[in-house]
Amino acid sequence: MRSLLPEDKQVQLRCEGEGLQLLLSRSSKKGLWRKLTSDEMLKPYKGQMSVSAELYFSPEQLKQRHVQQGKIKLYDAKGLYGTVVVDVINSRVKRD
């Protein structure tokens, strides 16, 4: 699998969700997360570029095997840099 981390350590990326109910943040796991705006640039820190995603589901979605599908898209100054496909499955539900 190809790493999405840019080879250029100075490159900045921005990200946004598509087709998902989520909150994207660079905050730590402790405390309240600050939401990333779609135009906020992410800078690498110690050779890593991390983004946390908190997904939201309705009670009806959780009754289905395929709960939600969408993408987290990363953009650099030239445009689309990479895409992370997110497919949330409830393994406790055998079949839809």
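The coordinates are above.
Given the structure is predicted, the values throughout are model-derived calculations rather than measurements. (Residues numbered from 1 in each chain as written. Predicted model: local features only at pLDDT ≥ 70, side-chain atom pairs only at ≥ 80, totals over all residues. Heavy atoms only, no water.)

Colleague: Let's hear about the pattern of salt bridges: which residues, and what values?
Modeller: If you walk through the whole model with that rule in mind, you get four salt bridges. Between glutamate 16 and arginine 14 there is a salt bridge, with the nearest N and O atoms lying 3.3 Å from each other. Here glutamate 60 makes a salt bridge to lysine 63, at a shortest N to O gap of 3.1 Å. (Salt bridge = Lys/Arg side-chain N within 4 Å of Asp/Glu carboxyl O.)

Colleague: Now, about the side chain of serine 25: what can you tell me, with residues and values included?
Modeller: Note that serine 25 resides in strand S2 (residues 22-25). The class for serine 25 is buried, based on a relative accessible area of 0%. Side-chain polar atoms of serine 25 contact the backbone oxygen of arginine 34, separated by 2.8 Å. Once residues lying within four places of it in the same chain are set aside, the contact partners of serine 25 are Trp33, Arg34, Leu36, Val51 and Ser52. (Helix = DSSP H or I, 4+ residues; strand = E, 2+ residues; numbered from the N terminus. Buried < 20%, exposed > 50% of the residue type's maximum accessible area, 1.4 Å probe, protein only. Polar contact = N/O pair within 3.5 Å; in protein donor to acceptor, adjacent residues only side chain to side chain. Contact = heavy atoms within 4.5 Å.)

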